[in-house]
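# A look at the structure
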Amino acid sequence: MLVTKSAAELCTLLVSELYGQLPSRIVAALLARGRSNVRDLALSTSLNPKQVRHGLVLVVQHNLVFYQTDHDTGNTTYQANPQAAYHLVRVGKTLDVIDRRYGPMAKNIASDLLMLGHAEIFELVRYHKLKHGRKGPTVKNNNNDHLENDHDHDHENEHDHEDPDDPFDDDSHHVNGNGTAQLEGDDAKPILADDVYNILAQLIAAGVVETVSTSMLQSPQDLKVSVEQECAKEFENGVRGTKVTNEFDAMVRSQLKAIGAERSTMKKKLQDSALFEPSNIKRRKLADGVMAGGFAGESGGSILQDEPNTIVRLNFDKCLVELRNQKLSEHVEDFVGETTAQVFAAVLASLCRKIYRCQHDQHTIMTEEEEHANFAGVRVTTEEIFDHLGSGVDVFAGIGSASEEDIDIRFAEKIRKYPPQIQGSGLQGTLDEGDEVMGSDDEDYDRNGGHTPAAPTNGHGHGSENLNGVNHNGNHSGDGKPSRADQICQMRQHLLILTEAKQHFVRHCGQNEWTVDFDPLVQNLRYVELDTMIEDSFGRQGLRLTRILREKGKLDDKTLPAMALMRKPDVHVKMAEMEMAGFLEVQEVPRDNNRAANRTIFFWFFDEARTLKRVLDNAYKSMVRCLERLEVERHKKKNVLEFATRRDVQGREEESLRGDVYKDYLTFLQVERKLLNQVSKLDDLVSIFQDF
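Residues numbered from 1 in each chain as written. Predicted model: local features only at pLDDT ≥ 70, side-chain atom pairs only at ≥ 80, totals over all residues. Heavy atoms only, no water.

## Details of the pattern of salt bridges
As a reminder of what qualifies: By salt bridge we mean one thing: a side-chain nitrogen of Lys or Arg within 4 Å of a carboxyl oxygen of Asp or Glu. Accessibility here uses a 1.4 Å probe with only protein chains present; expressed as a share of the type maximum, an area under 20% marks a residue as buried, one over 50% as exposed, and anything in between as partly exposed.
Inspection of every chain in the model, using the stated rule, returns 30 salt bridges. Glu230 is the partner of Lys233 in a salt bridge, and the nearest nitrogen-oxygen pair spans 3.7 Å. With a relative accessible area of 43%, Glu230 lands in the partly exposed category. The residue Asp592 makes a salt bridge to Arg599 at a minimum N-O spacing of 3.4 Å. On the accessibility criterion, Asp592 (25% relative accessible area) is partly exposed. Overlapping salt bridges bring together Arg90, Lys93, Asp683, Asp684 and Asp691 as one network.

As structure tokens, this is what we get:
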């Protein structure tokens with residue numbers, strides 16, 4: 001993440017919004033001054049060393065700051081972690097996606113980790129039991145897509161009701177997230193510690209929650225430097241020559257892989273347990289009706305109970321993968337419909353088991369499995385995809401019927417070995433035939449160029465009346481519930497639709513194997529968002545000119561009007577307008593030394609990297625203004641909010657507040673909702689242009 005002035009201000013506001021003023025002052029100082037020690041932070045923040053150390057403990061616990069200790073001098077320096085600070089803007093989205101995929105209890109555990117930072121498993125279970133110790137009637141929150149609106153004083157008193165002697169059996173302290181006593185009645189349901197351990201084991205095995213080691217408190221750059229220094233001690237004569245350098249690099253890679261393996265020890269142990277086997281997914285439902293996705297908790301919970309001192313925290317990298325899957329599913333639904341998009345979501349869910357982060361760089365610490373998946377790609381079979389498909393999805397819907405003559409099985413069953421190449425505004429889906437076509441896994445495909453006489457379009461063939469598994473009335477072919485084989489065969493038709501789309505949502509990469517090429521797909525999504533932004537600002541003509549330059553590269557001002565089918569004065573006006581907004585650039589090439597305008601060639605071009613950088617900076621500025629405006633609105637309604645946040649008023653605002661006061665309170669909530677909605681939309685752009 002490139003930390004500009006606007007990005008630094010945004011990170012500071014986000015930390016202040018969720019964790020208070022002291023952590024935000026320390027993060028702001030580190031973002032402004034870079035790596036600093038306690039003495040430097042005390043001078044730059046006007047705090048005494050005791051206050052600085054107290055704040056550093058808090059920000060380190062929440063992964064907002066890295067630290068590095070010099071073994072020779074013993075001096076410790078601190079460095080801000082802007083990625084973790086920016087992830088706070090996605091707190092609501094993260095909790096929402098965890099709630100939908102893993103259930104309400106998993107969402108509550110993730111919320112507890114957001115407030116506690118990294119914590120021991122036993123303390124996390126204890127805190128969760130005290131905070132959500134008795135489940136009353138639940139109220140659905142329709143604003144999960146935004147920042148949590150908990151006020152700062154809410155988490156300052158989270159431990160006021162803890163009973164250190166017996167935290168799990170004391171029924172006198174049942175507190176929800178804002179300090180209001182939960183309703184106790186016939187609907188009350190106590191939370192068992194075993195259930196919390198089981199759900200936590202499920203989250204750790206999925207990678208949503210990760211175990212914390214000492215090396216994770218260092219920045220990846222510092223960790224790599226430390227490993228290189230340790231490995232350099234093994235070479236007494238120094239690292240010189242090609243052979244010695246290769247040996248040194250191999251030793252560094254081996255040490256980094258060992259560190260990555262150490263970090264994933266608990267996750268591998270849970271994944272390899274008898275009740276969770278990635279290669280043999282068993283679909284089951286939790287008590288609340290949420291699909292477990294192959295996780296079974298009893299064995300995992302007992303493993304965690306045997307190691308209660310293990311420290312865990314929320315893994316934002318994995319949460320970002322889940323958010324990317326959600327965004328891509330919504331993008332696919334706009335093109336191919338709801339049912340096929342649900343099949344695509346099942347493809348992403350099955351791939352997600354082996355993908356733990358969206359982007360990799362030279363400093364990323366990976367295990368052997370992650371490195372192999374990043375290099376060779378991740379593939380899933382049709383059966384694995386079907387196991388991740390929800391039981392409520394009707395695969396026989398969303399596909400029309402077609403005659404046999406209209407279907408080219410040779411093209412539909414084409415196996416593509418390599419991903420599509422990005423070229424200009426779109427994707428180049430046709431590679432060399434010898435490299436791309438590997439064969440076909442359709443049993444009815446005739447390699448001589450024809451079809452077998454009884455070739456059905458989806459494996460359901462019973463003559464021309466049941467083409468594609470759907471009769472002309474839209475009902476299932478056959479009586480009763482379709483068999484598993486029929487459902488898989490029909491789901492495969494949705495997969496083939498996804499492979500044949502010009503956006504190449506899914507790639508048929510082997511015999512009964514499928515994969516998703518995320519880089520071209522996300523790049524296409526970036527172009528869609530960028531084109532929408534340009535069209536809204538400069539109209540269809542501006543979009544046409546941008547696409548031409550993106551496709552052709554640099555063009556002079558004489559060639560461009562003919563290609564765009566526009567008048568030359570209109571082109572000049574539109575190009576100048578887009579250049580001032582930062583979407584296009586111009587290069588002047590003089591024909592002689594006089595540099596006269598009539599003797600100069602003007603080349604227009606579209607610089608994607610510079611455009612995205614400018615768009616991101618504008619997005620950060622807009623988010624900062626929204627959050628600052630929110631603070632102003634809170635200050636205006638300070639008296640109303642102080643009364644509305646009282647414990648005896650919460651949940652009874654309409655009854656406790658006077659008519660005009662209650663109206664002001666509702667007005668503030670409406671303004672707050674609009675501002676946070678805008679922040680959420682801007683974050684969607686940042687995710688697409690930078691993080692996905």
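On we go.
## As for the pairing of strand β11 (residues 507-510)
Stated precisely, the cut-off is as follows: In this description, strands pair whenever DSSP reports at least two bridges between them. Strands are runs of DSSP state E lasting at least two residues, helices are runs of H or I lasting at least four, and both sets are numbered from the N terminus onward.
In this structure, β11 lies alongside strand β12 (residues 513-515), joined through three bridges in antiparallel fashion. Looking at β12, one finds that Gly510 is bridged to Glu513. Linking β11 to β12, which pair antiparallel, is a turn of two residues; within it Asn512 sits at a positive phi near 60°.

## Quick notes on the packing of helix α7 (residues 104-116) against helix α8 (residues 121-131)
For clarity, the threshold we go by: An axis is simply a line fitted to the C-alpha atoms; with a helix, the fit covers only the stretch in contact. Between two such axes, the angle follows the N-to-C directions and lies from 0 to 180 degrees. Oblique is the label for any angle not under 35 degrees, not over 145, and not in the 65 to 115 range, which are roughly parallel, roughly antiparallel and roughly perpendicular in turn. Here is the rule for handedness: rotate from the far helix to the near one, and if that takes an anticlockwise turn smaller than a right angle the crossing is left-handed, while a clockwise turn gives right-handed. By definition in these notes, contact holds between two residues if any of their heavy atoms fall within 4.5 Å. Ten residue types, Ala, Val, Leu, Ile, Met, Phe, Trp, Tyr, Cys and Pro, are classed as nonpolar, four, Asp, Glu, Lys and Arg, as charged, and the remainder, Gly among them, as polar.
For the pair α7 and α8, the least separation of the axes is 10 Å and the interaxial angle reads 110°. Looking at the two axes, α7 sits roughly perpendicular to α8. Note on packing geometry: the crossing formed by α7 with α8 is right-handed. Residues Met105, Asn108, Ile109, Ser111, Asp112, Leu113, Met115 and Leu116 of α7 lie in contact with α8, whose contacting residues are Leu124, Tyr127, His128 and Lys131. Across the contact of α7 with α8, the residue classes break down as seven nonpolar, three polar and two charged.

## With respect to the nonpolar core
Our working definition: To form a nonpolar core, buried Ala, Val, Leu, Ile, Met, Phe, Trp, Tyr and Cys residues must be joined to one another through side-chain atoms within 4.5 Å.
Core analysis: the biggest nonpolar cluster contains 145 residues, and Leu314 and Phe344 have the highest contact counts within it. For this core, the leading source of residues is helix α21 (residues 518-552), giving eleven residues. Beyond its immediate chain neighbours, meaning those up to four positions away, Phe344 contacts Leu328, Ser329, Val332, Leu498, Phe505, Val506, Val516 and Leu521.

## Section: the sheet that holds strand β15 (residues 600-605)
Whenever strands of a sheet pair, they do so through backbone hydrogen bonds, lying parallel or antiparallel. Strand order across the open sheet formed by three strands is β13-β15-β14, with antiparallel pairing between neighbours. Here the strands that pair on one side only, and so sit at the sheet edges, are β13 (555-556) and β14 (585-590).

## Brief notes about the pairing of strand β2 (residues 76-80)
Of the strand pairs in this sheet, strand β1 (residues 65-69) and β2 are connected by five bridges, and their pairing is antiparallel. Residue pairing across strands places Gln68 opposite Thr77, the latter belonging to β2. Linking β1 back to β2 in an antiparallel pair, the connection comprises six residues, with Gly74 at a positive phi of about 80°.

## Some thoughts on the sheet that holds β11
Taking strand neighbours across the sheet as the criterion, the three strands line up as β8-β12-β11 in an open arrangement whose pairing is antiparallel. In this open sheet, the two edge strands, each paired with only one partner strand, are β8 (380-381) and β11.

## Examining the side chain of Asp556
The line we're drawing: Counting rule for charge: Lys and Arg are taken as positive, Asp and Glu as negative, and neither His nor the chain ends is counted. Two N or O atoms count as a polar contact when they lie within 3.5 Å, although within protein this holds only if one can serve as hydrogen donor and the other as acceptor, and sequence-adjacent residues are included solely when both atoms are side-chain atoms.
By secondary structure assignment, the location of Asp556 is in strand β13. In this structure Asp556 is buried but unpaired, with Lys558 as the nearest side chain of opposite charge at 6.6 Å. Reaching out from Asp556, the side chain makes a polar contact with the backbone nitrogen of Lys558 at a distance of 2.8 Å. Here Thr559 takes part through its side chain, which lies 2.9 Å from a polar atom of the side chain of Asp556. With residues near it in sequence (within four places) discarded, Asp556 still touches Ile601, Phe602 and Phe603.

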